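Residue-level structure breakdown
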Amino acid sequence: MLSKLSEAEKEINSITIANKEELENFRLRFISRNGLLSKLFDELKNVSKDEKPVIGKKLNEVKKLAEEKYSSVKQSIEESGSKAEEIDLTLPGRNFSIGRQHILIQTLNEFVKIFREIGFKVTEGPELEEEFYNFDALNTPEHHPARDLQDTFYIQNKFDKTKKYVLRTHTSPVQVRTMLANKPPIRIICPGKVFRNETVTPKNYFMFHQVEGLYVDKNVSMRDLKGVISYFVKKFYGENTKTRFIPSFFPFTEPSAQLDITCFICEGKGCKTCKDTGWLEIGGCGMVHPNVFKAVGYDPEEYTGYAFGMGIERIAMMKYGIKDIRLFYQNDVRFLDQF
Ligand code: DAH
């Protein structure tokens, strides 16, 4: 009897059960009423008194082993079975997304490409800028409201007390750096980050991107400015887009203008985006102020030039109907995937 039990134990341990059918065979063979173990229990009454405790104990162990094996295999078959049922083979496969350029970079590149094609060189400058380039050289003297602490991040400089540093508030200082390092003709655009100490709202962020443009040569006039901007606007927004120049003020240009385009959503008829005016503001521009030329050592009698500046976020928000500037910086793929 003991040898029969050890044989059964060995088999129970080594047997592999692959499906429901084999599991049922296992149950019938070992555990069921007519199975091997029940039979051995019946035979127990014929065993001598001395052997009974040992054989009885063994029998119970083997029975437990068989029952445990049965229930664990049963559970795993059921689990894999229910998984198989969950798979719907008629569903389309899952797409996995490969990376792409951020919408701001896409917009910036499109912008830059148009100007490069007509001879503008791309130049960059530092984001941590000397106050001199950001303000003084751009005809923005000390008392000017634009220098107010409200708008500008001033940076403490412990090493060189003669210079004051700011996070640049616009890309215009790159004009100054470029003119100081080169002689006319100069034809550049400067894309980059700018910073302003503003309360964060859906329309304002403390950092955004601008593209600055500058052309300096002999006999450059406002007519050249209008031609280049109108060309850009048609390329970027579509052939039917019109441009208008509204008199405005910037310390570094004279005359200065606000740059408007016909609303590309309603094509000038009036809608929510253009607040029923038919026009959208995209930036500022003007003829370089003689004081700026003086600051970089150019003779304003010999040279003239135009400059412009446009905000990339604003342009992208209008073009794609994005309502909240903060979406650009949160890196939520559900937003980024749309472009
Ligand atoms: N720097 C101006 C700003 O941040 C934009 C600007 C206006 C740039 C007129 C220019 C310009 O070069 O001529 O609002």
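Above: the structure in question.
Below is a short write-up of the structure. (Residues numbered from 1 in each chain as written. Predicted model: local features only at pLDDT ≥ 70, side-chain atom pairs only at ≥ 80, totals over all residues. Heavy atoms only, no water.)

**Remarks on the pairing of strand S8 (residues 253-262)**
- Counting buried residues along S8, 7 of its 10 residues qualify, which places the element largely inside the surrounding structure.
- Alignment of strand S7 (residues 243-250) against S8, held across 7 bridges, turns out to be antiparallel. Within S8, the residue paired with Ile-246 across the bridge is Gln-258.
- Once S7 ends, the chain turns through 2 residues before running back antiparallel as S8.
- As defined by bridge partners, S8 adjoins strand S9 (residues 279-288) across 8 bridges and the pair is classed as antiparallel. Within S9, the residue paired with Ala-257 across the bridge is Cys-285. (Buried < 20%, exposed > 50% of the residue type's maximum accessible area, 1.4 Å probe, protein only. Helix = DSSP H or I, 4+ residues; strand = E, 2+ residues; numbered from the N terminus. Pairing = 2+ DSSP bridges.)

**Topic: the nonpolar core**
- Phe-111, Tyr-306, Phe-308, Met-310 and Phe-328 are the most contacted members of the largest nonpolar core, which totals 48 residues.
- Those residues in contact with Phe-328 that lie beyond four places of it in its chain are His-102, Ile-103, Leu-104, Glu-313, Ala-316, Met-317, Ile-322 and Phe-335.
- Grouped together as the second largest cluster of nonpolar side chains are 19 residues, Leu-138, Cys-190, Phe-293 and Val-296 included. (Core = buried A, V, L, I, M, F, W, Y, C linked by side-chain atoms within 4.5 Å. Contact = heavy atoms within 4.5 Å.)

**Quick notes on the pattern of salt bridges**
- Evaluation of the coordinates by the stated rule reveals 15 salt bridges.
- Asp-337 is the partner of Arg-100 in a salt bridge, and the nearest nitrogen-oxygen pair spans 3.7 Å. Taken as a pair, Arg-100 in the loop between helix H4 (52-86) and helix H5 (103-117) and Asp-337 in the segment after helix H11 (333-336) lie far apart in primary sequence, 237 residues in all.
- The partly exposed category is assigned to Arg-100, whose relative accessible area is 44%.
- In this structure, the salt-bridge partner of Glu-129 is Arg-177, at a minimum N-O distance of 2.7 Å. Placement of Glu-129 in strand S2 (residues 128-130) and of Arg-177 in helix H7 (residues 173-181) is noted, with a sequence separation of 48 residues between them. (Salt bridge = Lys/Arg side-chain N within 4 Å of Asp/Glu carboxyl O.)

**Regarding unusual backbone geometry**
- Geometrically, the link from Pro-184 to Pro-185 is a cis peptide bond, its omega value of 0° lying close to zero.
- Inspection of the secondary structure puts Pro-185 in the loop between H7 and strand S5 (186-195).
- One non-glycine residue, Glu-267, lies in the positive phi region at around 55°.
- In the Ramachandran plot, Lys-275 falls in the positive-phi region, its phi being about 50° despite a non-glycine side chain.
- Mapped onto the fold, Lys-275 is located in the loop between S8 and S9.

**Looking at the site of the ligand**
- Within the structure, the ligand sits among 15 residues, and His-170, Ser-172, Arg-196, Gln-210 and Glu-212 are positioned closest to it.
- Gln-175 places a side-chain nitrogen or oxygen 3.2 Å from an oxygen atom of the ligand.
- Here Arg-196 contributes a side-chain N or O atom positioned 2.8 Å from an oxygen atom of the ligand.
- Relative to its free-state accessible area of 360 Å², the ligand is covered by the protein chains to the extent of 90%.
- Listing elements by their share of the shell around the ligand, those giving two or more residues are strand S6 (207-217), S9 and strand S10 (304-311). (Near = heavy atom within 4 Å. Polar contact = N/O pair within 3.5 Å; in protein donor to acceptor, adjacent residues only side chain to side chain. Areas by Shrake-Rupley, 256 points an atom, 1.4 Å probe, with all protein chains shown as cover.)

**Side note on the sheet that holds strand S3 (residues 154-155)**
- With antiparallel pairing, the 3 strands of this open sheet are ordered in space as S2-S4-S3. Strand pairing shows two members of the sheet lacking a second neighbour, S2 and S3, which therefore form its edges.
- In terms of strand pairing, S3 meets strand S4 (residues 165-167) through 2 bridges, oriented antiparallel. Paired with Tyr-154 across the two strands is Val-166, which belongs to S4.

**Describing the side chain of His-209**
- Along the chain, His-209 falls in strand S6.
- Of the polar contacts made by the side chain of His-209, one reaches the side chain of Glu-313; its length is 2.8 Å.
- Beyond its immediate chain neighbours, meaning those up to four positions away, His-209 contacts Leu-104, Gly-192, Lys-193, Met-310, Gly-311, Ile-312 and Glu-313.

**Thoughts on the packing of H5 against helix H8 (residues 222-237)**
- Closest axis-to-axis distance for the H5/H8 pair is 10 Å, and the angle between their directions is 135°. Classified by the angle their axes make, H5 and H8 are oblique. Between H5 and H8 the crossing geometry is right-handed. Where H5 approaches H8, its residues Thr-107, Glu-110, Phe-111, Ile-114, Phe-115 and Glu-117 are matched on the opposing element by Val-228, Tyr-231, Phe-232, Lys-235 and Phe-236. (Axes fitted to C-alpha atoms, helices over the stretch in contact; angles between N-to-C directions. Parallel < 35°, antiparallel > 145°, perpendicular 65-115°, else oblique. Left-handed = near helix turned anticlockwise from the far one by under 90°.)

**Some words on the packing of H5 against helix H10 (residues 312-320)**
- The interhelical angle for the contact between H5 and H10, taken along N-to-C directions, is 100°, at an axis separation of 10 Å. Compared by their axis directions, H5 and H10 come out roughly perpendicular. Contacts from Ile-103, Leu-104, Thr-107, Leu-108, Glu-110 and Phe-111 of H5 reach H10 at Ile-312, Glu-313, Ile-315, Ala-316, Lys-319 and Tyr-320.
- Class assignment for the residues of the contact of H5 with H10 results in 8 nonpolar, 1 polar and 3 charged. (Nonpolar A, V, L, I, M, F, W, Y, C, P; charged D, E, K, R; others polar.)

**Description of the state of the cysteines**
- Tallying each qualifying case throughout the model produces 0 disulfides.
- Free cysteine: Cys-263, not disulfide-bonded; nearest cysteine sulfur from Cys-266 at 3.6 Å.
- Since its relative accessible area comes to 11%, Cys-266 is described here as buried. (Disulfide = S-S within 2.5 Å.)

**With respect to the environment of Pro-202**
- Position of Pro-202 among the secondary structure elements: in the loop between S5 and S6.
- Using a relative accessible area of 37% as the deciding quantity, one classes Pro-202 as partly exposed.
- Residues Pro-202 and Arg-168, spaced 34 residues apart in sequence, show a C-alpha to C-alpha distance of 22 Å.
- For Pro-202, the contacting residues outside a window of four places in its chain are Met-317, Lys-323, Asp-324, Ile-325 and Arg-326.

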